[in-house]
Amino acid sequence: MEVPPALAAAHSRYEGAAGRAWTAVLPGLAAAFMDRWELRLDGPPAHGVMALVLPVLRADGSRAVLKLQPVTAESEGEPDDITATGDVPRAVRRRFDLMTEVLGLDRERARGWTLARVLQNTLWEVREGETAVQPAQTAIARALLTR
């Protein structure tokens, strides 16, 4: 697995030497997690600003996504804002507001893109015969719809 050049550049730009060091170990890290969880790569890597996103197949053939992102000053509290409050909609809205503001995105277009991605992720997670979707995906969609 090769680290996408734009992802490597973002890590270098925002995290300097630490970002370059993380990028250097990222292929091995991805391989280790894929081996540990019996995942197989199922398409080209994608990425955000700081996270590598790998489409994968689980051992049972179901689709999933492996997201790898270093813990930085900006990302270290991400799990805490949901865990501490249990308020998924608040955490989603806060992150959405931050990203649209920082990137200068049109909020309505970004909301549409994000809802489409949540729907896509949700559909990938539904297994044959299931009649319900993951509660977290539903909470994210509802939070975005109330924006």
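Right above here is the structure, for reference.
### With respect to the overall build of the chain
A count of helices and strands for the chain gives five helices and four strands. Out of the 147 residues in the chain, the part that is buried amounts to 28%. Sequence-distant contacts in the chain: of pairs separated by 6 or more residues, those separated by 24 or more amount to 43%.

### Looking at the packing of helix α4 (residues 107–125) against helix α5 (residues 135–145)
Close contact between α4 and α5 brings their axes to 10 Å; oriented N to C, the two are set at 165°. With respect to their mutual orientation, α4 and α5 come out roughly antiparallel. Crossing geometry of α4 relative to α5 is assigned as left-handed. When α4 is examined against α5, the residues R111, T114, L115, V118, N121 and T122 are found in contact with a partner set consisting of Q137, I140, A141, L144 and L145. The residue inventory of the contact of α4 with α5, partitioned by class, reads six nonpolar, four polar and one charged.

### Comments concerning the packing of aromatic side chains
Summed over all chains, the structure comprises one aromatic pair. Between F33 and W37 the ring centres are 4.9 Å apart and the planes differ by 35°, which places this aromatic pair in the tilted class. By relative accessible area, which is 18% here, F33 ends up buried. We classify W37 as partly exposed; its relative accessible area is 47%.

### Focus on the pairing of strand β3 (residues 52–57)
Taken across its six residues, β3 has six buried, putting it largely inside the fold. Residues L52, L54 and V56 of β3 are buried on one face, and the alternating residues V53, P55 and L57, pointing to the opposite face, are buried as well. As judged from the two bridges shared by strand β1 (residues 40–41) and β3, these two strands associate in the antiparallel manner. From the neighbouring strand, L41 faces β3, where its bridge partner is V56. Across two bridges, strand β2 (residues 46–47) lies against β3 in antiparallel orientation.

### Quick word on the pairing of strand β4 (residues 63–68)
Of the two faces of β4, only the one carrying A64, L66 and L68 is buried; R63, V65 and K67 on the other face are not. As paired strands, β3 and β4 are joined by six bridges and run antiparallel to one another. Bridge pairing links L52 to L68 in β4. Where β3 folds back on β4, the antiparallel hairpin that results is connected by five residues, among which G61 adopts a positive phi of roughly 90°.

### Some details on helix α1 (residues 5–36)
With 32 residues, α1 should cover 46 Å at 1.5 Å per step; its first-to-last C-alpha distance of 26 Å lies more than 12% under that length. Within α1, the axis deviates most sharply at E15, by approximately 150°. Among all positions in α1, only L7, A10, H11, G19, W22, T23, L26, A30, F33 and M34 are buried. Contacts made by the buried residues of α1 are with β1, β2, β3 and β4. E38, located one to two residues past α1, shows a positive phi value of around 55°.

What counts, and where the lines are drawn
- Residues numbered from 1 in each chain as written.
- Predicted model: local features only at pLDDT ≥ 70, side-chain atom pairs only at ≥ 80, totals over all residues.
- Heavy atoms only, no water.
- Helix = DSSP H or I, 4+ residues; strand = E, 2+ residues; numbered from the N terminus.
- Buried < 20%, exposed > 50% of the residue type's maximum accessible area, 1.4 Å probe, protein only.
- Contact = heavy atoms within 4.5 Å.
- Axes fitted to C-alpha atoms, helices over the stretch in contact; angles between N-to-C directions.
- Parallel < 35°, antiparallel > 145°, perpendicular 65-115°, else oblique.
- Left-handed = near helix turned anticlockwise from the far one by under 90°.
- Nonpolar A, V, L, I, M, F, W, Y, C, P; charged D, E, K, R; others polar.
- Phe/Tyr/Trp six-rings, centres within 6.5 Å; stacked < 30°, edge-to-face > 60°.
- Pairing = 2+ DSSP bridges.
- Expected span 1.5 Å × (residues − 1).
- Bend = angle between axes of the 7 residues up to and from the residue.

Treat this as a map of the structure, not an account of what it does.
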